[in-house]
Amino acid sequence: MKILLIDDNHNISDMISQYMRLKGCDCMVVDNGKDGLGQILAKNHDVALLDLAMPEFSGYDIIESLEKDGNLKEHKIIVLTAYSITEAKMKELEKRGVYLCVKKPVQLNELAKVIQSCAAS
Amino acid sequence: MRIGLQIAIVLTSFAYIVAAIGYVLLVQLNKVDTLTAEIEKLIKNSPQVIYLDIFIFIAVTGSLIFFIIHFITNPVRKLRDAADKIVRGDLDVKIDPKGTDEVRDLAISFKAMVNALRKDEEIESVAVAKYKNFYDRSPVLYLTISLDGFIGDCNKSYAERMGYMVEEVIGTHYNKYTAPKDLQTMTNFFETWKQTGISKNIEIWLKTKDGTTFPALVSLSKLNDEKGNLVGCTTIIKDISEIYESRKKLENDVIMELQVAEIKKMEKLKDEFASMMTHELKTPLTPIMGHCEMLKEPALLGELNQTQLDSIDKIYQNAQRLERLIGDAMLAQRLEIGQMSFDKQKFEVPKLMSEVHNDYSQVMKEKQIKFVNSTQENLSIWSDKNRVRQVIDNLIQNAIDFTPKNDGIIEIGAKSEDSKVIFYIKDNGIGIPKEVQPIMFKKFYQVDASHRRRHTGTGLGLVICKGIVEGLGGAIWFESEPGKSTSFYFSIPVEVFWKN
């Protein structure tokens, strides 16, 4: 299982990647939006974990770029966000092609299950 | 008298002419001497005849003169006197047609003329009265002012508005009726007008007898004498007290609107700051809780003994508590400034209550509390399901905290009433002390200091419940008997309501 983790907060990305690796997955960490977009387009991943709130080029920007080019769904994106995002907004993103929106702080074993089901879909 | 004299002269002349003609005739007839001799004889013999003749002559002339005076001169003179009277303005003259036909006719025509004049005067005085009334009672205040500022006339409205009688006003200076703060302005205005003749409406504050001032619009108009010289002005004053009030109110409204907009802006900034703070505060929780999870998971980061695992548990629980606290604080603030937005949908109440019942059954079993769901009616409502669930969770949490571990019963359910659904959570716990009941829904309230350690709430719980319930259009209340039981109720209005 190859996981692509895009988050500018090293505390969080270190922890999640450590857990994923302990669980036997490959986890590539990217800490900014621009590089993140590039990596997604490179299609080297099974699942991408995307943080929304990033400076300069945010998770939203990435999503919009991917929508323009083609099908958002095929990129297998799971959104992670700590911002007080509304249920409506979450549903809207899921409708647009995000696999699932998960609120931080995220429970690791729950996250693992979600990643499994996303990869399988 | 002249006409009488004239006629007397004419007759006398006539008499002389007749005498002259007679004398001439006599001369022609050579009878002059005889006539003179006869006359001398007559004068000598009987002078009475001469006296009688002279008397007759005077009598006739006198009668003629009297006749003329009575029938012509006097009536005519009376007419002239009447005319004089009329000229002087007195139409109250008595005309008595007398005298000769012509004179009488003249008198009759004269009388008719006087009547016509009287009628005209009546019409005119009615018109004058009417226009004077317009002038006096006009809502506009009028003044006539001389060039040096003294009031020559004013209408009743002006006098009344100022609190004086018309007579008191006339002769005084307009400064007396100008508010002190506008005395200079008024003087400048007057002087400018005198020089330029331009009199735009200006706003001046005037002063009444009792000292109150009011705003008015003043404009000046030229007043000339017969020769066309400027002698003063007509001043037209409109009392704009009401307009002034409305204008002030409008200005205040505008100011208020600006203030409200300002406040809204501040609220928005506060809200954005709070959002950001929430995010910042929650961020470290992810790694804290994540690492706790990893440590707890058996054999992931190495084996740990029970003491260590308990320690990690404490860390994890406190991090959870912190997370809740941050979330509650954010929510409470949003509710306070009315920024809460709800996600409304149609959902079935029994289904929700069953879910709640299921979710808590484990906890209830562990705490040995009898947990009952007494929802019976099949209700559907249109509201924010998650928020309603949040309120129920909060109330159940409170119930668990204050219910005894043995023989504890918690009953939950929902029933319909009018066009509302009433949710209830009842427990048989220690209840709420009377002195504390009034402040249950206030911020950071806790029932009891000794419970504070066990109580996992943030102190914002009930505040948030109230905010959510009221935001959804409902109400929240409770009944509690200290030492016996507590029942919490909240209502949610049914916007779309089905009942099977």
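Before reading on, note that the structure itself is shown above.
Predicted model only: the values in this text are computed from it and were never measured.

Peer 1: Give me the overall build of chain A: which residues, what numbers.
Peer 2: When helices and strands are counted, chain A shows five helices and five strands. Reading the helices (α) and strands (β) of chain A from amino to carboxyl end gives β-α-β-α-β-α-β-α-β-α. Counting over 121 residues, chain A shows a buried share of 40%. Of all intrachain contacts in chain A linking residues separated by at least 6 positions in sequence, the fraction that spans at least 24 positions is 58%.

Peer 1: Which residues make up the interface of chain B and chain A, and what are the values?
Peer 2: Across the contact, 20 residues belong to chain B and 20 residues belong to chain A. Where the side of chain B that touches chain A is concerned, the elements lending two or more residues are α8 (241-282), α9 (285-296) and α10 (306-336) of chain B. Considering each element in turn, the side of chain B that touches chain A owes the most residues, eight residues, to α9(B).

Peer 1: Please give an account of the sheet that holds strand β3 (residues 47-51) of chain A that cites residues and values.
Peer 2: All names here are of chain A. Sheet architecture is open: five strands sit in the order β2-β1-β3-β4-β5, paired in parallel fashion. Across the chains shown, the open sheet's two edge strands, defined by having one partner strand only, are β2 (26-30) and β5 (100-103). Across the sheet, the mean angle from the axis of one strand to that of its neighbour is 20 degrees, orientation sign disregarded. Relative to strand β4 (residues 77-81), β3 runs parallel, the two sharing four bridges. Paired with Leu-50 across the bridge in β4 is Val-79. Docked against the sheet, helix α2 (residues 33-42) engages β1 (2-6), β2 and β3, running at close to 145 degrees with respect to β2.

Peer 1: Kindly report on the sheet that holds strand β1 (residues 141-146) of chain B, identifying the contributing residues and their values.
Peer 2: Residue and element names in this part refer to chain B. Read across the sheet, five strands follow the order β2-β1-β5-β4-β3 without closing on themselves; strand pairing throughout is antiparallel. Only two strands of the sheet have a single neighbouring strand rather than two, namely β2 (151-154) and β3 (202-207). Adjacent strand axes in the sheet meet at a mean angle of 35 degrees, parallel and antiparallel pairs treated alike. Relative to β2, β1 runs antiparallel, the two sharing three bridges. Residue pairing across strands places Ile-145 opposite Ile-151, the latter belonging to β2.

Peer 1: Give me the packing of helix α3 (residues 47-87) of chain B against helix α4 (residues 101-137) of chain B: which residues, what numbers.
Peer 2: Residues and elements named next belong to chain B. Packing of α3 against α4 leaves a shortest axis separation of 10 Å and a crossing angle of 15 degrees. The orientation of α3 with respect to α4, classified from their angle, is roughly parallel. Considering how the two elements wind past one another, α3 and α4 form a crossing that is left-handed. Contacts between α3 and α4 involve Phe-71, Ile-72, Pro-75, Val-76, Leu-79 and Ile-86 from the first element and Val-103, Leu-106, Ala-107, Phe-110, Val-114 and Leu-117 from the second.

Peer 1: Describe the environment of B:Leu230, naming the residues involved and giving the relevant values.
Peer 2: Residues and elements named next belong to chain B. Tracing the backbone shows Leu-230 in strand β5 (residues 230-239). Taking the C-beta count within 10 Å as the criterion, Leu-230 has 12 such neighbours and is therefore assigned exposed. Taking the C-alpha atoms as reference, Leu-230 lies 8.0 Å from Leu-147; in sequence the two are 83 residues apart. When near neighbours in sequence (up to four residues on either side) are disregarded, Leu-230 contacts Leu-147, Lys-222 and Asn-224.

About the criteria used
Residues numbered from 1 in each chain as written. Chains lettered and ligands numbered in written order. Predicted model: local features only at pLDDT ≥ 70, side-chain atom pairs only at ≥ 80, totals over all residues. Helix = DSSP H or I, 4+ residues; strand = E, 2+ residues; numbered from the N terminus. Buried ≥ 20, exposed ≤ 12 C-beta atoms within 10 Å, placed from the backbone. Contact = placed C-beta atoms within 7 Å. Pairing = 2+ DSSP bridges. Axes fitted to C-alpha atoms, helices over the stretch in contact; angles between N-to-C directions. Parallel < 35°, antiparallel > 145°, perpendicular 65-115°, else oblique. Left-handed = near helix turned anticlockwise from the far one by under 90°.

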